[in-house]
Amino acid sequence: MSEEIKKDLATEEINADSGYTDRAVPLDQRRTWPSMTFAWFGAAMFVGLYYSGVELGSSMGTLNNALLAILCGCVFLAGFVTLNGIMGYKTGCTAALIGRYSYGSRGAAIPGFHVTDTGWNIMSTAQIAVILAAIFPVIDMRVFCVLCSVLFLTNSFIGFKAMVTLNKFAMPILLFTGLYGLFRLHVITDGGLMAVFGMQQEQTIALGAGITIVVGTWVSGSSRAADYFRFAKSTKDTVIAACVGFFAGLIICLVIAAFWGAGIGAGEIVPTLTTLGGGMMFFGFIMFTLQTWTTNEHNGFVTSNAIPACTKAVWGRERIKRSTTVAIMIVLCIIFCGFGVEKIFTPFLSVLGTFLPAIGAISIADFYIMSRTNYHWTGHKHYYDFDVNDPEVEHHKFNPSTIPAIIAGVLVGFLLDWGIAAVNSMVTSIVVYCICCIVLSGVRKKEAAKNQVVEGRK
Amino acid sequence: MNNLFINYAILIVGLLLIGLFWRVLARNRGEAERKSVNRWTVCFFVLGVVMFTIQYMVV
C-alpha cells in the first residue's frame, strides 16, 4: 500500500471518528432507515416530554384538548424534522455546515452558535436529579446533579454507533413502563381509562400555548435534524425515520404523560408516579435514567458538531475540539444544574419554541425556495449542488437578508397574541427572508461579481 | 450532619467510579487523548465537590 493511500485512509479514519464535522458524509458511510429510526425513536424520548405531557393533561381542561395540542405540536415538529433532515441527506452536512449555504461561510456562526442544547442538557439533568432524589430521599438532589452531569455525556466522546446501542436498551423499557403506567391508571381509576376522557380539570393553558409548549420541547433538536440525517441513504430513509421513529417516540411519551396528568390531576411527575403505584417508581427510575442519558448524549453530539464548525466559520479554523466542547458542557452542567433550574422549565420551552424556528426557517426557505430561483443571494441557481467546501461556497461570506428575517420572526413570535408562536415565527422568517433576497439586488450583484472572479481564476 | 457525610461520600465515590469508567473507555486511545481524559476527570472531580458545597450552602 502506498504512503499516499495510507495517509488517505488515516485521514478518513480521523474524520469518521470526529463525525465528519467539516465535510459531507461520503456515500459509503450512509445508513438505511432502520438504524436511523432506532436512533430517532430513542433520542425523541426524554424526561421533559413527561413533564410537559403531565402538565398539559392536568392544565388544559380536558384530555381531548391536551391530545389535540399534542397532535398539532407533533405534526409541526415531525414536519420541521423532515424538512431539516432532507437538507442533511441532500448535502451530507451537519446543520451548522448547512448554515454556510444560507447564512454565508462566516454567517454560519449564527445558527452554529447553538447554545440551547447546552441549556437543554442542564435542564434535563436537573429534572432527572429531582426524580432520583424522590426515589432515594437520603441522597441530596445536588449529588445526582453532579454525577449525572458527568456520566450522561460519556458516550459523546465515542460517537454515533454507541448511541444506537444505548437506544436499543432505552426503547423497550420505555414502551413497557409507559404502557404499564397506563394499565396502572386503568386499574386505579373508577371506570378505567375511558373515564379519563370525561374528567374535567381547571383550564390554565389555552390550545395555542399548549401547542407552543409541545413545539418547544423538541424545536431545538429538530433544527439540528441534519446532524443525524446526513447519514441517511435516501429521502425515503429520512422521511421514514422522521415520521416513524421521531414522531412515534415523541407522541407516545406525550400522550402517555397526558393520560397520567389528566387521570391523576397532579401537575408534576413524581407525585404522579407515586399515585400510580405498582412499582411505577422503580420502572420510572430505570426509564427516566436511560431516557435522560440518551437525550443528553444527543445534546452532546449536536453541540460538539456545531461549536467547532462555528469557530471555524468565525476564525477560519477549528479553535475548539469536539471533546473539549463536550467537557465544557459538563462543566456548565455541574455549575448550574443544582440551582433549581427545573423550576423555570415552561418559560424555557416558550422562549425556545418562539426563537429557534425563526433561525431554522431561514435555511429551510433558502434550500426549498430561493436556491431554486434566480434570486438566490449568491447569484447561483441550485447552489446546494456545490460541495460545502467548494471555493464557490467559501467565498460567499455573509448573507445580510438573514438578519431582518430573524428579527422579524422573533418579534412576531413574541408579540403576536394570535395563533401558535412557533408557526408565526417560522412563517414570518420565511416570508421576510424571501422578500429580502428579492429586494436586495445589490447584494446579489456583488456576490455574482465575486463568482465571476472565482470563475476567472479557474 | 450524617446526611451531609453520606452525600459527600456518595458524591466522591460516584465521581471516582465514573473516572475509572472513563479510563477504561480511553485505554485504546492515543497517549494525548488519555492524558486529556485524566485531566478532565480530575477537573470534574474538583469542580463537582466544590459546586456541591456551594450549592448546599446557597440553595
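What counts and how
- Residues numbered from 1 in each chain as written.
- Chains lettered and ligands numbered in written order.
- Predicted model: local features only at pLDDT ≥ 70, side-chain atom pairs only at ≥ 80, totals over all residues.
- Heavy atoms only, no water.
- Core = buried A, V, L, I, M, F, W, Y, C linked by side-chain atoms within 4.5 Å.
- Buried < 20%, exposed > 50% of the residue type's maximum accessible area, 1.4 Å probe, protein only.
- Helix = DSSP H or I, 4+ residues; strand = E, 2+ residues; numbered from the N terminus.
- Contact = heavy atoms within 4.5 Å.
- pLDDT = per-residue confidence, 0-100.
- Salt bridge = Lys/Arg side-chain N within 4 Å of Asp/Glu carboxyl O.
- Patch = residues over 30% accessible without salt bridge, like charges linked within 9 Å, V, L, I, M, F, W, Y side chains within 5 Å.
- Areas by Shrake-Rupley, 256 points an atom, 1.4 Å probe, with all protein chains shown as cover.

Peer 1: What is the right way to read the nonpolar core from this model?
Peer 2: Residue and element names in this part refer to chain A. Judged by nonpolar contacts, the single largest core of 143 residues is most densely connected at Tyr 50, Trp 218, Phe 229, Trp 260, Ile 269 and Phe 288. Among the elements that take part in this core, helix H13 (residues 235-264) stands out by supplying 13 residues, more than any other. Those residues in contact with Tyr 50 that lie beyond four places of it in its chain are Leu 174, Cys 253, Ile 256, Ala 257, Trp 260, Ile 269, Met 287, Phe 288 and Gln 291.

Peer 1: Any chance you could explain the confidence of the model for chain A here in plain terms?
Peer 2: Caution applies to low-pLDDT regions: their predicted coordinates should not be interpreted in detail. Residues and elements named next belong to chain A. Looking at chain A, the pLDDT average stands at 83 and 91% of residues meet or exceed 70. At the level of individual helices and strands, chain A shows its lowest average pLDDT in helix H1 (residues 3-17), which scores 37, and its highest in helix H8 (residues 141-151), which scores 93. Predicted confidence is poor over residues 1-18, with pLDDT under 50, and the contacts of this stretch with residues over four places away or in other chains come to twelve contacts.

Peer 1: Explain the pattern of salt bridges to me, please; I cannot follow it from the model alone.
Peer 2: Oppositely charged side chains can pair when the atoms bearing their charge come close. For the structure on display, the rule yields three salt bridges over all chains. Residue Glu 394 of chain A pairs with Arg 100 of chain A through a salt bridge whose shortest N-O separation is 2.6 Å. Here Arg 100 of chain A lies in helix H5 (residues 95-103) and Glu 394 of chain A lies in helix H18 (residues 391-394), a separation of 294 residues in the sequence. The class of Glu 394 of chain A is partly exposed, set by a relative accessible area of 33%. Residue classification places Arg 100 of chain A among the buried residues on the basis of a relative accessible area of 8%. A salt bridge links Arg 34 of chain B to Glu 31 of chain B, with the nearest nitrogen and oxygen atoms 3.3 Å apart.

Peer 1: For this particular structure, what's the right way to read a nonpolar patch on the surface?
Peer 2: Residues and elements named next belong to chain A. A cluster of nonpolar side chains, namely Ile 110, Val 351, Phe 355, Phe 398, Ile 403, Ile 407, Leu 411, Phe 414 and Leu 415, defines an oily patch on the protein surface of about 790 Å² accessible area. Every element with two or more residues in the nonpolar patch is listed here: helix H17 (345-368) and helix H19 (402-415). With five residues, H19 is the largest single contributor of residues to the nonpolar patch.

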